[in-house]
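Report on the structure
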Amino acid sequence: MQIYNTLSKGKETFKPLEPGKIKMYVCGITVYDFCHIGHARVMVSFDVITRYLRYRGYDVTYVRNITDVDDKIIKRAAENQESVDSLTERMIAAMHEDEDKLGVLRPDLEPRAMAHIEQIIEMVATLIDKGYAYQGTSGDVYYRVERFADYGKLTNRNLEDLRAGARVEVAEDKESPLDFVLWKHAKEGEVSWDSPWGKGRPGWHIECSAMSKCCLGETFDIHGGGPDLPFPHHENEIAQSEAANGKKFVNYWMHAGAVRVDNEKMSKSLGNFFTIREVLEKYNPEVVRYLLISTHYRSQIDYSEDSLREAQQALERFYNALRGLDYAPDDDAGLTLDYEQRFQQVMDDDFNTREALAVMFDLVREINRLKKEDAEAAAPLAALLVRLGGIMGILQQDAEAFLQGGELAPGLDANAIEALIEARAQAKRDRDFARADQIRDELKAQGIILNDSRDGTTWTRDSL
């Protein structure tokens, strides 16, 4: 299995620290607001990666943290006139709802920063003892960046360039503008904890170093996150963890690509910023998930009406292939066809979901060919398609439920649709093609798409 390592800037043969076991940590959400579509990309990408590693027989411990104390959280709670605990509990519950709708499995461990204050304080104290950190006159504790010789190795930055580009910050008690905060002294009314440096709270970067060590140890296999995290967050994690522990922090660094909206960077200022729940109010969750896995996890993905329609059409092709087939989950046992082998080959190449879906489409073509001749012979291939879909987190619904589910136009139900389909068929038999076309167009205007075949006419609901 090959994994692209952000640290080495290339694909490497994956070798876990312990044979058959994988320890993976992914940076999670700062829970001050609802999750957006960029968060969904990271959630879904590492969900597929975890599913596939388990399919390959690995015992995976998947950890994804929650940042529940942070400047943004404190500010938002104050704006809302609610407690930090109230805000974070609401946002965590909302995050879990969004994940469930997208078919994202929960991580094995979901540590929260506030529950690891003792470990954070211990790590900060170790860094001070080793000369990697110091307390400024303000009471804040800073990491001494220039003390760590390998700083910048993840993102190929060197200290000279960082010094040249550094801006002088408000904190005048820092030895260098490159230094970053490990422990913040408490301001009036802020959530805080007692520490050797006075009342305060942790900086963002130290939280992940402490939580990953607590859950997975001083060195682990894979660390993942979003496209905005390599610098400075992950760079700072490396500096903190390796200085404190005296060991290599992580063997493989993985980062998901960014989401663009209509080929523009997603931004609140541009008005193209969408929360997951806003998106799912309008679009089928499985369609959104398919869009998020339709490109390689490291590639940028374009979120648009056109790309969602393509995702909808792709899923319809899958479910139409499964439609009408009678199969059980284990019907593919003993299959000797090469589809699964090809699927595994492309997924072993840095989890290439785009190519894996292409293999599944080849399988769909074979299913459709066999359905015309012998539906019973197509059943084992349908079972294989559903099993491979499970690794991707798709195709787990009943075909009819997906194709015909959801809200219909007022006054329209399945019986009414079938009656109109029969009226259209009669119109064709009477050679009244204008009437047949009128019925098709009327249904299309109400979000119903008709699919004609030699076996008759079926319908699907257009969810876009």
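In this convention, every chain numbers its residues from 1, walking through the sequence in written order. For this predicted model, a pLDDT threshold of at least 70 governs which residues receive local features, and a threshold of 80 or more governs which side-chain atom pairs are given and counted, while totals over whole chains, interfaces and linings are taken from all residues. Each side-chain value is derived from all of the structure's non-hydrogen atoms; neither hydrogens nor water enter the calculation.

With that out of the way, let us pick up unusual backbone geometry. A cis geometry characterises the amide bond from Phe231 onward to Pro232, with omega recorded as 5 degrees. Here Pro232 is to be found in helix 7 (residues 230–245). Despite not being glycine, Gln81 shows a phi value in the positive range, around 55 degrees. Position of Gln81 relative to the elements: it lies in the loop between helix 2 (71–80) and helix 3 (84–101). The phi angle at Asn263 is positive, at roughly 65 degrees, despite the residue not being glycine. Numbered from the N terminus, helices here are DSSP runs of H or I no shorter than four residues, and strands are runs of E no shorter than two.

Topologically, Leu384 is positioned in helix 13 (residues 375–392). The cut-offs for exposure are 20% and 50% of the maximum accessible area for each residue type, with area from a 1.4 Å probe on protein chains only; residues under the lower value are buried, those over the upper are exposed, and the others partly exposed. Relative accessible area serves as the criterion here: at 3%, Leu384 is assigned to the buried category. With 182 residues separating them in the primary sequence, Leu384 and Pro202 have C-alpha atoms 49 Å apart. What Leu384 contacts, discounting residues up to four positions off in sequence, is Asp332, Leu335, Tyr339, Glu340 and Leu363. By the convention used here, residues are in contact when the closest approach between their heavy atoms is within 4.5 Å.

Taken as a whole, the largest pocket encloses approximately 1100 Å³ of empty space. Buriedness of a pocket was judged along seven lines, with at least five required to meet protein on both sides within 12 Å; pockets are open sets of points on a 1 Å grid over the protein atoms alone, cavities are sets where a 1.4 Å probe fits but cannot get out, and lining residues have an atom within 4 Å of a point. Around the largest pocket, the lining comprises 36 residues; the ones closest to its centre are His36, His39, Lys72, Asp228 and Leu229. Elements with a minimum of two residues in the lining of the largest pocket: strand 3 (21–30), helix 1 (37–55), strand 4 (59–67), helix 2, helix 6 (204–216) and strand 11 (259–261). Broken down by element, the residue count for the lining of the largest pocket peaks at five residues, all from helix 1. For this classification, Asp, Glu, Lys and Arg are treated as charged, while Ala, Val, Leu, Ile, Met, Phe, Trp, Tyr, Cys and Pro are nonpolar and the rest, including Gly, are polar. Residues of the lining of the largest pocket, tallied by class, amount to 14 nonpolar, 12 polar and 10 charged. Grid points are joined across faces, edges and corners, and a volume is the space filled by probe spheres set on the points.

Between the rings of Phe, Tyr and Trp (Trp by its six-membered ring), a pair exists once the centres lie within 6.5 Å; its type follows the angle of the planes, with under 30 degrees stacked, over 60 edge-to-face, and the other angles tilted. The full count for this structure, using the stated rule, is 17 aromatic pairs. Between Tyr134 and Tyr142 the ring centres are 5.7 Å apart and the planes differ by 40 degrees, which places this aromatic pair in the tilted class. Given the relative accessible area of 8%, Tyr134 is considered buried. Through a chain of ring-to-ring contacts, three or more aromatic side chains come together here, namely Tyr52, Tyr55, Tyr297, Phe343 and Phe351. Whether a charge lies above a ring is judged from NZ of Lys or CZ of Arg, which has to be within 6 Å of the ring centre and within 35 degrees of the ring normal. Here the guanidinium or amino end of Arg147 rests over the ring plane of Tyr132, the centre of that ring lying 4.3 Å away. Just above the ring of Phe231 sits the side chain of Arg157; from NZ or CZ to the centre is 4.0 Å.

This next bit is on the pattern of salt bridges. Any carboxyl oxygen of Asp or Glu that lies within 4 Å of a side-chain nitrogen of Lys or Arg is treated as forming a salt bridge with it. Taken as a whole, this structure holds 41 salt bridges when the rule is applied. Each of Arg64, Glu99, Asp100, Arg106 and Glu110 takes part in a single network of salt bridges with overlapping partners.

This chain's UniProt record puts "binding site: ATP" (unreviewed entry) on Lys268. Note that Lys268 resides in the loop between strand 12 (264–265) and helix 8 (276–282). Not counting residues up to four positions away in its chain, the partners in contact with Lys268 are Asp33 and Phe273. UniProt positions are given in the numbering used here, feature names are shortened, and annotations may be inferred rather than shown by experiment.

Let's shift gears to the sheet that holds strand 10 (residues 250–255). A pair of strands is treated as paired once DSSP finds two or more bridges between them. With respect to topology, four strands assemble into an open sheet ordered 4-3-9-10, the strand pairing being parallel. Edge positions in the sheet fall to strand 4 and strand 10, since each has one partner strand and no second. When the angles between neighbouring strand axes are averaged without regard to direction, this sheet yields 20 degrees. Pairing of strand 3 with strand 9 (residues 220–225) involves three bridges; the strand directions are parallel. In the sheet register, Met24 faces strand 9, and the bridge partner there is Ile222. In this analysis an axis means a line fitted to C-alpha atoms, helices contributing only their contacting stretch, and an angle means the value between N-to-C directions, from 0 to 180 degrees. Across the sheet, helix 1 lies against strand 3, strand 4, strand 9 and strand 10, angled at about 165 degrees from strand 3, the strand it touches most.

This part covers helix 7. Burial within helix 7 is extensive, with 14 of its 16 residues counted as buried. Just downstream of helix 7 lies Gly246, where phi reads positive at about 70 degrees.

A cluster of acidic side chains, namely Asp326, Asp330, Asp331, Asp374 and Glu376, defines a negative patch on the protein surface. When you line up the elements, Asp326 lands in the loop between helix 10 (305–322) and helix 11 (339–348). Note that patches include only residues with greater than 30% relative accessible area and no salt bridge, and the join distances are 9 Å for like charges and 5 Å for nonpolar side chains (Val, Leu, Ile, Met, Phe, Trp, Tyr). Accessible surface is estimated by sampling points in the Shrake-Rupley manner with a 1.4 Å probe; for residues, cover comes only from the protein chains shown. His is not counted, nor are the chain ends, whereas Lys and Arg count as positive and Asp and Glu as negative. Taken as the charge centre is NZ of Lys, CZ of Arg, CG of Asp or CD of Glu, depending on the residue.

To continue, consider empty space enclosed by the protein. For the coordinates displayed, the defined rule picks out two cavities of 30 Å³ or more. Residue lining of the largest cavity: Ser45, Val48, Ile49, Leu292, Ile293, Thr295, Tyr297, Phe351 and Thr353, and that is the complete set. Secondary-structure elements contributing two or more residues to the lining of the largest cavity are helix 1 and helix 9 (285–293). No other element matches the three residues that helix 1 contributes to the lining of the largest cavity. In the lining of the largest cavity, the residues fall into six nonpolar, three polar and no charged. In this structure, the second largest cavity spans a volume of roughly 40 Å³. The wall of the second largest cavity is formed by Asp47, Thr50, Arg54, Tyr62, Leu105, Arg106, Pro107 and Asp108. It is helix 1 that provides the largest number of residues to the lining of the second largest cavity, a total of three residues.

On to the environment of Pro380, then. Mapping Pro380 onto the fold places it in helix 13. Judged by its relative accessible area of 22%, Pro380 is partly exposed. As for Pro380 and Asp326, which are separated by 54 residues in sequence, their C-alpha atoms are 9.4 Å apart. Not counting residues up to four positions away in its chain, the partners in contact with Pro380 are Asp331, Asp332 and Leu335.

All right, on to the packing of helix 15 (residues 414–429) against helix 16 (residues 433–445) then. Across the interface, helix 15 lies against helix 16 with an axial gap of 7 Å and an inter-helix angle of 160 degrees. Classified by the angle their axes make, helix 15 and helix 16 are roughly antiparallel. The hand of the helix 15/helix 16 crossing is left-handed. For the pair formed by helix 15 and helix 16, the contact residues are Ile417, Leu420, Ala423, Arg424, Ala427 and Lys428 on the first element and Phe433, Arg435, Ala436, Ile439, Arg440 and Leu443 on the second. Grouping the amino acids of the contact of helix 15 with helix 16 by side-chain chemistry returns eight nonpolar, no polar and four charged. Any angle between 65 and 115 degrees counts as roughly perpendicular, while under 35 counts as roughly parallel, over 145 as roughly antiparallel, and the rest as oblique. Each crossing gets its hand from how the near helix is turned against the far one by less than a right angle, where anticlockwise is left-handed and clockwise is right-handed.

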